[in-house]
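Architecture and fold: a report
One letter stands for each residue in the lines below.
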Amino acid sequence: MKGGPKKEEKQLTILISQPKPETEKSPYFDLAKKFNVRLDFFPFIRVEGVPGKEFRKQKVDIVNHSAVIFTSRNAVDHFFRICEELKVKVSQECKYFCITEAVALYLQKFILYRKRKVFYGADGTTKSLLEVMNKHRENEKFLFPSSDSQKNDIEAWLKSSKCDYATASLYKTVSNDVKEVMSKTEYDMIVFFSPYGVKSLFENVPKFKQNGTRIGAFGPTTSAAVEEAGLKLDVKAPAPQAPSMVAALEQFLQGLKK
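It should be emphasised that the depicted structure is a prediction, and the values quoted were computed from it without experimental measurement.

1. So, the overall build of the protein
Counting its regular elements, the protein contains ten helices and eleven strands. Taken along its principal axes, the extent of the C-alpha atoms in the protein is 85 × 35 × 35 Å. When each of the 258 residues of the protein is scored for burial, the buried share is 44%. Contacts in the protein between residues at least 24 apart in sequence constitute 68% of all its contacts with a sequence separation of at least 6. For the protein, the accessible area works out to roughly 15,600 Å², and carbon and sulfur atoms hold 50% of it. When the 42 positive and 31 negative side-chain charges of the protein are each reduced to one mean point, those points stand 1 Å apart.

2. Side note on the sheet that holds strand 10 (residues 214-218)
One open sheet holds the five strands; their spatial order is 2-1-9-10-11, and the pairing between them is parallel. Of all strands in the sheet, those with a lone pairing partner are strand 2 (38-41) and strand 11 (235-237), marking the two edges. When strand polarity is set aside, the average angle formed by the axes of neighbouring strands in this sheet is 15°. Sheet topology places strand 1 (residues 13-16) next to strand 9 (residues 189-192); three bridges connect them, and they run parallel. For Ile16, the partnering residue across the bridge sits in strand 9 and is Val191.

3. Re the sheet that holds strand 8 (residues 164-175)
Read from one edge of the open sheet, six strands run 3-8-7-4-5-6, paired in mixed fashion. In this open sheet, the two edge strands, each paired with only one partner strand, are strand 3 (45-49) and strand 6 (118-120). Put simply, the sheet's adjacent strands are angled 25° from each other on average, direction ignored. Direction of pairing for strand 5 (residues 95-98) relative to strand 6: parallel, over a ladder of three bridges. The residue bridging Cys98 from the neighbouring strand is Tyr120, located in strand 6. Packing against the sheet, helix 3 (residues 73-85) makes contact with strand 3, strand 4 (67-70), strand 5, strand 7 (141-147) and strand 8, and its axis sits at approximately 110° to strand 8.

4. Some words on the state of the cysteines
Applying the stated rule across the entire model yields zero disulfides. For the unlinked cysteine Cys83, the closest cysteine sulfur is that of Cys94, found at 8.8 Å. We note that Cys98 lacks a disulfide partner, and the nearest cysteine sulfur, in Cys94, lies 10 Å from it.

5. Description of the pattern of salt bridges
One pass over the full model with this rule turns up eleven salt bridges. A salt bridge links Arg46 to Glu48; its shortest N-O distance comes to 3.2 Å. In this structure Arg46 comes out as partly exposed when scored by relative accessible area, which is 37%. The exposure class assigned to Glu48 is partly exposed, which follows from its relative accessible area of 30%. Lys179 serves as the salt-bridge partner of Asp177, at 3.6 Å between the closest nitrogen and oxygen.

6. Thoughts on the packing of aromatic side chains
Counted by the stated rule, this structure contains 14 aromatic pairs. Each ring, one from Tyr106 and one from Phe110, has its centre 6.2 Å from the other, and the planes form 70°; the classification is edge-to-face. Looking at Tyr106, the relative accessible area reads 14%, which means it is buried. On the basis of an interplanar angle of 35° and a centroid distance of 6.5 Å, the ring pair of Phe193 and Phe218 is categorised as tilted. Remark: Phe218 occurs in strand 10 and Phe193 occurs in the loop between strand 9 and helix 8 (195-204); sequence separation between them is 25 residues.

7. A short note on the nonpolar core
Grouped together as the largest cluster of nonpolar side chains are 42 residues, with contacts concentrated most on Phe55, Phe70, Phe79, Tyr96, Leu107, Met133 and Leu158. For this core, the element with the most residues is helix 3, which contributes six residues. Beyond its immediate chain neighbours, meaning those up to four positions away, Phe79 contacts Ile62, Val68, Phe70, Val90, Leu143, Pro145 and Leu170. Grouped together as the second largest cluster of nonpolar side chains are 21 residues, Ala32, Leu39, Phe41 and Met189 included.

8. Regarding helix 5 (residues 126-134)
Burial in helix 5 covers these residues: Ser128, Leu129, Leu130, Val132 and Met133. Packing partners of the buried residues in helix 5 comprise strand 4, strand 5, strand 6, strand 7 and helix 6 (153-160).

Cut-offs applied
- Residues numbered from 1 in each chain as written.
- Predicted model: local features only at pLDDT ≥ 70, side-chain atom pairs only at ≥ 80, totals over all residues.
- Heavy atoms only, no water.
- Helix = DSSP H or I, 4+ residues; strand = E, 2+ residues; numbered from the N terminus.
- Buried < 20%, exposed > 50% of the residue type's maximum accessible area, 1.4 Å probe, protein only.
- Contact = heavy atoms within 4.5 Å.
- Areas by Shrake-Rupley, 256 points an atom, 1.4 Å probe, with all protein chains shown as cover.
- Lys, Arg positive; Asp, Glu negative; His and termini not counted.
- Charge placed at Lys NZ, Arg CZ, Asp CG, Glu CD.
- Pairing = 2+ DSSP bridges.
- Axes fitted to C-alpha atoms, helices over the stretch in contact; angles between N-to-C directions.
- Disulfide = S-S within 2.5 Å.
- Salt bridge = Lys/Arg side-chain N within 4 Å of Asp/Glu carboxyl O.
- Phe/Tyr/Trp six-rings, centres within 6.5 Å; stacked < 30°, edge-to-face > 60°.
- Core = buried A, V, L, I, M, F, W, Y, C linked by side-chain atoms within 4.5 Å.

Okay, here's the thing in C-alpha cells:
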C-alpha cells in the first residue's frame, strides 16, 4: 500500500529585530539555509546622539575624569563624537572599563589600544565588570556615558560604593515604526536584543498577544524585559552552550526537528 503525498512542512518565519547584516557571510544566512527558515530583519529601535549643545547643559567636565565606563559600542561612538564636537582632548592616561572584550577592542577605532589602560569583565556580565572596577575604585574618577533612559546596575554600584563618578547622557533610544512589518506576517518567532525593542513592540502594537509566537532574547536585561511584559521566553542567550543568538536559535531549531 502506497502512502499519500508527503505533507509539506510550513516554513518557519522569524523576525530578527535588528538591521539586516551587510554581508552575505553572516551566520544568520547559514542558519536560514540549514533549517529552511525565513528570516526577516527589521530594527525595532534606533539610536540618536545628544547634540553637543544639549550635552553642555549637563555640566559634565569630561577631562576631569580619569576613567570611562562603556557598556556598548553605541556608548563608545557617542563619547568620542561628543569629544570631537566639543573639541575635548582625552588624556592618554585615561582608563577604559568595558562590559565585554568586543567593546574593549572596538576602542581601537578611536585610541591607541594599550592593555594597561583598557579593562573588561571576564564573562561579559555586569558582575564581572564590577569586580574589575572594584580594584580601581579608590583611585579613579569615573565617567559613565549612557543613553537618556538607561537604568543600570553599574550606576547603583558606583553610588553604593561611594565612588567619585558622574553620568553623562550622550544618546537616546527611539522606537521605530514596526506596525507595517508586524501586520504583514504572523511570525512564528520574534527575537529581541534590547529592553527597548520590547518597549517598541508594545508602543507600536499595544494589543499584541503572544498566542503561539515564540520569543527569543539576547542578554539578561532583555530577557527580564520580555518576562516583565508578560511574555513567555522560549530562546535565551547567551547561555553556556549558546554564546550567541545564532547558536541559541540553532539549538532551538535542532530541537524542533526531533
